[in-house]
Amino acid sequence: MKLEVDSERSLVPRIKGQYLMNEREQDHQAERRELSRLRRRVAELEAQVARDGLRAAGRSGADDAFSTIFLGSPDIQLILHVESGVIIMANKAVERVLKYNKEDLVGEHYSVLYPPEPETPREEFLDRITVYDSVLEGQHLVRSDGSLFPAELTATLIPWESGEALLVTFRDVSERIRAQQALKESEEKYRHLAELLPGIVFEIDLRKKFTFVNRCGLETIGYRVEEIADEGTPLYGVIPEHRARFSRDIDKVFAGESLAGNEYTSLRKDGSTLPVMLYATPIVRDRRIVGLRGVGLDITDLKRTQEALEKAKQNLEKRVAERTAELAESNEQLRREVTERTRAQEALTISEQRFRAIFDTAIDCVFIKNASLHYTLVNPATEQLLSIPSSAIIGKTDFDLFGPAAGEHLKAVDERVLKGEFIEEEHTRLVKGSPTTFLDVRAPMQDACGTIIGICGISRNITERRETQAAPRSDEPDYPAPAMKKALDQALSAAQSDTTTLITGESGSGKDFLARYIHERSKRGSGPFYAINCAALPPDLAESELFGHEAGAFTGANRAKRGLLELAEGGTLLLNEIGELSPGMQAKLLSFMDTKTFTRVGGEKCTTVNARLLAATNRDLEKEVAKGRFRVDLFYRLNVLRIRVPPLRERLEDIPILVNEILTRIAFELQLTECPEIDPSNMVRLAQYSWPGNVRELRNVLERVLIVSGTGPLHFDSLSESPDKAPAWSWQTGFPPELPFTELVKSLKRAVIQEALARTGGKKTETARLLGITRHILRRQIEAAGPVERRDGNDPLEE
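Residues numbered from 1 in each chain as written. Predicted model: local features only at pLDDT ≥ 70, side-chain atom pairs only at ≥ 80, totals over all residues. Heavy atoms only, no water.

Draft legend 1. Region of interest: the overall build of the protein chain. Summing up its helical and strand segments, the protein chain has 26 helices and 24 strands in all. With 799 residues in all, the protein chain has 38% of them scored as buried. Partitioning the intrachain contacts of the protein chain with sequence separation of at least 6 by distance along the chain shows that 56% fall at a separation of at least 24. Put simply, the protein chain shows about 46,100 Å² of open surface, and 53% of that area lies on carbon and sulfur atoms. (Helix = DSSP H or I, 4+ residues; strand = E, 2+ residues; numbered from the N terminus. Buried < 20%, exposed > 50% of the residue type's maximum accessible area, 1.4 Å probe, protein only. Contact = heavy atoms within 4.5 Å. Areas by Shrake-Rupley, 256 points an atom, 1.4 Å probe, with all protein chains shown as cover.)

Next up, the structure:
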């Protein structure tokens with residue numbers, strides 16, 4: 001076959017219509033025409049290479065070269081009959097891309113590769129591709145599975161055996177379509193973002209006309225979109241003095257440079273001006289600069305700041321000039337300070353030496369712990385007390401040195417110190433197997449930044465002082481009276497927890513004893529025990545005594561004072577006669593019971609205390625609440641567990657044991673060599689007395705007798721004297737009564753006479769006077785009431 005190209009025949013594009021496009025669309029159209037021309041030129045060069053190869057190799061060689069190029073092309077290539085559009089030959093790309101068998105396509109019309117279009121005549125398919133010397137975009141072929149294949153079509157006439165044939169090439173443009181779509185989406189995102197940005201965001205084409213200005217920019221310069229489109233030259237956006245420089249800067253950007261922070265004075269439509277700072281970069285498409293994109297920032301505030309800075313600079317320079325004169329004096333002062341600091345450093349060294357001397361020779365245990373509560377430093381006194389070298393103590397905790405019970409308590413205290421508290425408490429713990437009482441003072445250690453890094457503590461052994469102050473007592477009192485046994489059982493239950501306990505009973509009945517009994521048998525027994533009589537507190541000093549005060553809180557408060565709540569840290573505080581507290585103190589006490597924190601008088605810092613509260617009263621708090629003299633919420637807060645201490649007249653069986661305990665304690669206090677004994681007759685007298693003052697009166701009587709009697713026998717003549725105020729007495733009966741009314745009256749008379757005789761020691765004259773009747777009437781009443789038993793066993797009718 002003859003391979004020659006008919007150069008006289010040209011492929012003329014068919015223009016389907018005319019469209020009105022704006023200037024930007026025309027630019028894009030020009031770019032597409034240039035791209036089509038380049039692609040067409042490539043196709044012509046490829047065909048020319050094929051023709052040259054065929055001529056050089058002869059007919060047989062030309063056939064082989066053409067077959068190699070045609071069949072091996074990565075693009076889909078078809079040879080069509082010019083007139084009929086029948087496929088003469090197809091290359092292998094048809095099978096690879098469209099999944100057709102290339103042999104089956106031979107003889108078929110090329111329209112089988114296009115989507116079916118019933119409205120288009122079959123003959124017009126050929127017209128689609130016979131647009132010679134041009135590139136047709138937007139073509140879609142149909143794969144064998146029915147999916148579409150986007151392609152770009154080029155066609156070239158080639159000589160063939162029967163005349164001329166049409167070489168058609170379909171090139172895959174999927175990646176190009178995706179890139180164009182991504183570019184379009186990117187343009188839309190850019191425009192949307194530009195609309196949201198502050199400042200003037202704009203684009204300028206190569207004709208130095210605006211093609212885009214964001215909304216904020218339009219508002220800033222005072223133009224509308226239409227005005228920018230019609231008269232959109234950016235040169236008129238600056239004052240005349242800056243237009244030449246602005247034009248040169250735009251040319252630099254078109255040449256490939258960037259603008260970074262160039263300042264201009266912008267001219268608004270209304271004639272006003274504002275300073276702007278411009279940033280701009282070129283817009284590059286297909287490796288060609290087509291315009292620039294920039295941002296203009298309003299720097300009015302910046303200018304004002306610069307002016308202020310300039311003014312401040314001038315003031316600073318003036319100030320520097322003024323300060324220069326002072327520099328010499330300052331240097332001299334600095335030299336003096338350095339000298340003083342050197343002396344201070346020397347004094348600090350001496351102070352450290354003194355501290356080390358005190359630390360090493362102190363008889364109290366001094367120690368330092370880190371934030372993890374491990375010992376890091378101990379003095380020799382600590383080594384001597386524990387009989388352990390410091391190397392064996394450092395790195396250990398209180399659990400290792402004092403056991404789990406004491407370790408748990410000390411850990412809780414140390415954790416509070418690490419939170420910034422200063423704690424002073426008494427605590428008893430085992431040291432070498434013996435209970436040892438310490439007065440512990442612990443304070444937080446801080447670094448230069450104020451961060452707590454550890455604990456510094458001092459522990460003083462006060463075991464001997466506690467033993468000296470403590471009076472001897474039996475380990476466990478064994479009182480036979482059932483009422484007292486019940487009270488002690490309730491107290492033992494209360495000792496098993498930290499529950500707030502209210503102790504009630506007559507004055508002098510032993511409420512303090514029961515409170516100490518609870519403390520000593522609780523887990524706080526190793527801590528201090530304090531008791532305060534609320535009735536004895538002056539109203540203006542009650543808050544200071546209980547909560548403490550800061551220095552200067554009131555007249556006479558020369559230094560800070562810790563209250564009883566702080567002193568009872570780790571132990572128990574008894575509030576005796578709590579019913580006497582003022583309403584203000586009741587409110588503050590309630591707040592402490594709810595939060596375990598309080599503020600000293602005149603202080604601002606909250607103090608946390610770990611102390612148990614016990615309350616005692618001889619009043620009927622329910623009646624006090626009803627009368628409005630006691631807060632109902634505080635009553636409910638106190639009345640968690642109530643224990644009644646029986647009066648001594650209800651536990652007369654306990655008098656021998658009480659007498660023995662009290663005499664032992666008085667003998668210890670008076671430092672007697674031996675404890676005196678009471679003969680049985682006097683013990684009977686003591687048991688027969690009603691004891692209106694309860695255990696307190698019993699102690700007073702025994703102490704008075706012991707002092708008055710001296711070394712001789714003990715005399716209890718004062719028991720016959722009537723007290724100023726007789727104790728209350730009651731008589732009970734069921735209702736309706738079981739006895740007849742006359743017998744019930746006799747029984748009442750008998751009980752009244754018997755109580756009167758008991759209170760007067762059996763003396764009928766005193767009994768008659770006590771009952772407000774004559775001695776004769778008393779005798780007749782005794783005879784009428786029936787037998788009256790006296791506690792001493794004698795007949796009341798006998799003289």
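Draft legend 2. Representation of the nonpolar core in the model. One finds Val659, Ile678, Leu686 and Leu702 to be the most contacted residues of the largest nonpolar core, which totals 39 residues. Mapped by element, the contributors of at least two residues to this core are helix H14 (482-494), helix H15 (511-520), strand S23 (612-617), helix H21 (655-669), helix H22 (680-688) and helix H23 (694-709). In contact with Val659, other than residues within four places in its own chain, are Ile678, Met683, Leu686, Leu698 and Leu702. Phe547, Leu590, Leu621 and Phe635 belong to the second largest nonpolar core, which has 29 residues in total. (Core = buried A, V, L, I, M, F, W, Y, C linked by side-chain atoms within 4.5 Å.)

Draft legend 3. Quick look at unusual backbone geometry. Of note, the phi angle at Lys208 is positive, near 60°, even though the residue is not glycine. Within the secondary structure, Lys208 is located in the loop between strand S6 (200-205) and strand S7 (210-213). The class of Lys208 is buried, set by a relative accessible area of 18%.

Draft legend 4. Just the side chain of Thr428, in detail. Assignment of secondary structure puts Thr428 in strand S13 (residues 423-431). There is a polar contact of 2.8 Å between the side chain of Thr428 and the side chain of Thr437. (Polar contact = N/O pair within 3.5 Å; in protein donor to acceptor, adjacent residues only side chain to side chain.)

Draft legend 5. Spotlight on the packing of aromatic side chains. What the rule picks out here adds up to twelve aromatic pairs. Between Phe202 and Phe210, the aromatic rings sit 6.0 Å apart at their centres with planes inclined by 90°, giving edge-to-face as the arrangement. Its relative accessible area of 6% is what places Phe202 among the buried residues. When its relative accessible area of 17% is taken as the criterion, Phe210 is described as buried. Each ring, one from Tyr479 and one from Phe513, has its centre 6.4 Å from the other, and the planes form 80°; the classification is edge-to-face. Here Tyr479 is found in the loop between helix H13 (463-469) and H14, whereas its partner Phe513 is found in helix H15, with 34 residues between them in sequence. Here Phe513 falls in the partly exposed class, since its relative accessible area comes to 35%. The ring of Phe547 is capped by Lys588, whose NZ or CZ atom sits 4.7 Å from the centre of that ring. Of note, Arg651 hangs over the ring of Tyr479, and the distance from its end group to the ring centre comes to 5.0 Å. (Phe/Tyr/Trp six-rings, centres within 6.5 Å; stacked < 30°, edge-to-face > 60°. Lys NZ or Arg CZ within 6 Å of the ring centre and 35° of its normal.)

Draft legend 6. Main features of the sheet that holds strand S10 (residues 288-298). One open sheet accounts for five strands, arranged S7-S6-S10-S9-S8; its pairing is antiparallel. Each of the sheet's edge strands pairs with one partner strand only, and the pair in question is S7 and strand S8 (259-267). Taking each pair of neighbouring strands and ignoring which way they run, the sheet shows an average axis angle of 30°. The pairing of strand S9 (residues 273-285) with S10 spans ten bridges and is antiparallel. Residue pairing in the sheet places Pro282 in a bridge with Leu292 of S10. Sitting on the sheet, helix H9 (residues 300-361) touches S8, S9 and S10, and the angle it makes with S9 is about 125°. (Pairing = 2+ DSSP bridges. Axes fitted to C-alpha atoms, helices over the stretch in contact; angles between N-to-C directions.)

Draft legend 7. Geometry of the pattern of salt bridges. What the rule picks out here adds up to 41 salt bridges. The salt bridge partner of Arg442 is Asp440, with a shortest N-O separation of 3.9 Å. Residues joined in a network through salt bridges with shared partners are Lys369, Asp398, Asp414, Arg429, Asp440 and Arg442. (Salt bridge = Lys/Arg side-chain N within 4 Å of Asp/Glu carboxyl O.)

Draft legend 8. Molecular detail of the pairing of strand S2 (residues 87-90). Note that strand S1 (residues 76-81) and S2 share three bridges and pair antiparallel. In the strand pairing of S2, Ile79 is matched with Met89. Linking two consecutive strands that pair antiparallel, namely S1 and S2, is a turn of five residues; a positive phi of about 75° is found at Gly85 within it.

Draft legend 9. Here's a closer look at the sheet that holds S23. Ordered by their spatial adjacency, five strands build an open sheet running S17-S20-S23-S16-S24, and the pairing between neighbours is parallel. The open sheet has two free edges, formed respectively by strand S17 (529-533) and strand S24 (641-644), since each of these has just one partner strand. The average angle at which neighbouring strand axes cross in this sheet is 20°, direction not considered. Against the sheet, H15 contacts strand S16 (501-504), S17, strand S20 (572-576), S23 and S24, and its axis sits at roughly 150° relative to S16.

Draft legend 10. Representation of the environment of Gln688. One can find Gln688 in helix H22. When its relative accessible area of 23% is taken as the criterion, Gln688 is described as partly exposed. Here the alpha-carbon distance between Gln688 and Arg649, two residues 39 residues apart in the chain, equals 9.2 Å.

Draft legend 11. Seen up close, the packing of helix H24 (residues 741-760) against helix H25 (residues 764-771). In the contact formed by H24 and H25, the axes pass within 9 Å of each other and the chain directions differ by 120°. With respect to their mutual orientation, H24 and H25 come out oblique. Crossing of H24 against H25: the hand is right-handed. Along the contact surface, H24 presents Val752, Ile753, Ala756, Leu757, Arg759 and Thr760, while H25 presents Glu766, Thr767, Leu770 and Leu771. (Parallel < 35°, antiparallel > 145°, perpendicular 65-115°, else oblique. Left-handed = near helix turned anticlockwise from the far one by under 90°.)

Draft legend 12. Quick look at helix H12 (residues 398-418). The terminal C-alpha atoms of H12 lie 16 Å apart, and with 21 residues this falls more than 12% below the ideal 30 Å at 1.5 Å per residue. At Pro404, H12 shows its maximal kink, close to 120°. Of all the residues in H12, the buried ones are Asp398, Leu401, Phe402, Gly403, Ala406, Gly407, His409, Leu410, Val413, Asp414, Arg416 and Val417. After H12 finishes, the residue Gly420 shows a positive phi value of roughly 110°. (Expected span 1.5 Å × (residues − 1). Bend = angle between axes of the 7 residues up to and from the residue.)

None of the figures reported here should be taken as evidence of function without further support.
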